[in-house]
Amino acid sequence: MSELLLPPPVVKTTRLEFRLLEESHLNDFHAIWSNPPVAKWSTRGTSHSLEESRARMDRLFFDPEKPECLNYGVLIRASNSDITINCAMIGVIGVTSLFSPDTVEIGYIFNQSFWGHGYASEALAAYIEAYWGYAKGINFMVAKVDPLNMGSIRVLEKCGFRVVERFVGDIILPELGRRDTNLMKLDRS
Ligand SMILES: CC(C)(COP(=O)(O)OP(=O)(O)OC[C@H]1O[C@@H](n2cnc3c(N)ncnc32)[C@H](O)[C@@H]1OP(=O)(O)O)[C@@H](O)C(=O)NCCC(=O)NCCS
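What counts, and where the lines are drawn
- Residues numbered from 1 in each chain as written.
- Predicted model: local features only at pLDDT ≥ 70, side-chain atom pairs only at ≥ 80, totals over all residues.
- Core = buried A, V, L, I, M, F, W, Y, C linked by C-beta atoms within 7 Å.
- Buried ≥ 20, exposed ≤ 12 C-beta atoms within 10 Å, placed from the backbone.
- Helix = DSSP H or I, 4+ residues; strand = E, 2+ residues; numbered from the N terminus.
- Contact = placed C-beta atoms within 7 Å.
- Near = placed C-beta within 6 Å.

Structural notes on the nonpolar core
In terms of nonpolar packing, the biggest core is built from 43 residues, with Val-74, Ile-93, Tyr-108, Ala-123 and Leu-124 touching the most fellow members. Among the elements that take part in this core, helix H4 (residues 119-134) stands out by supplying 8 residues, more than any other. In this structure Ala-123 touches Thr-13, Leu-16, Val-74, Gly-91, Ile-93 and Tyr-108, once residues within four positions along its chain are discounted.

Considering the site of the ligand
Around the ligand, the surrounding shell holds 20 residues, and the nearest of these are Ala-120, Ser-121, Met-150, Gly-151 and Arg-154. Put simply, the parts of the chain that give the shell around the ligand at least two residues each are strand S5 (103-110), H4, strand S6 (140-145) and helix H5 (150-158). Ranked by residue count, the leading element in the shell around the ligand is H5, at 5 residues.

Section: the environment of Glu-51
Along the chain, the position of Glu-51 falls in helix H3 (residues 50-58). Taking C-alpha positions, Glu-51 is 9.0 Å from His-30, a pair spaced 21 residues apart along the chain.

What follows is the structure, encoded as structure tokens:
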């Protein structure tokens, strides 16, 4: 990456607040990943223990050696105020890897109890804006999504991503077996 700023420690939207992932988020992280309907689209599948979740979460902590990877816990803000309710982290969002020198791959996952309220769409839109400001040398964002994961496809489409490629049988999901993936892409503009 040619140019990076310091990662914003907090990002706020109308209803949400992102905080850099930290140890205190572990129980909420585990609550998300230990629920099979939530984890089934991931190649890692369901987490079966707090320790397994801890290992997954540790890999998402900010690391100056891999500055393009930037992951946040998503919390709900108290309405019409600047404070954040001391409640569960409802989701995780962030760039997990560099896809090519000017392209990063994004992922997100939300607690099932909070699906259907527009939180993922609101979070992704805000994350994209924050990330473009943070990583000046990155011009594209991609997401790999199962063609049957309609909720995630919709979230990506609403934020401007479009399908650019279909990989046939390229991944094995622990709970669903061998699957195709759609590569969806967003252009900085
Ligand atoms: C995908 C996910 C993040 C969506 O979270 P969410 O907070 O419910 O998303 P939103 O409410 O912002 O938007 C969901 C959109 O998908 C639509 N949707 C949800 N399920 C759908 C389905 N089965 N078919 C068609 N559309 C669907 C909703 O109607 C909504 O669109 P709308 O705003 O136009 O009505 C959540 O389901 C999740 O965590 N899934 C498991 C992890 C995952 O799949 N991550 C992405 C991997 S690529």
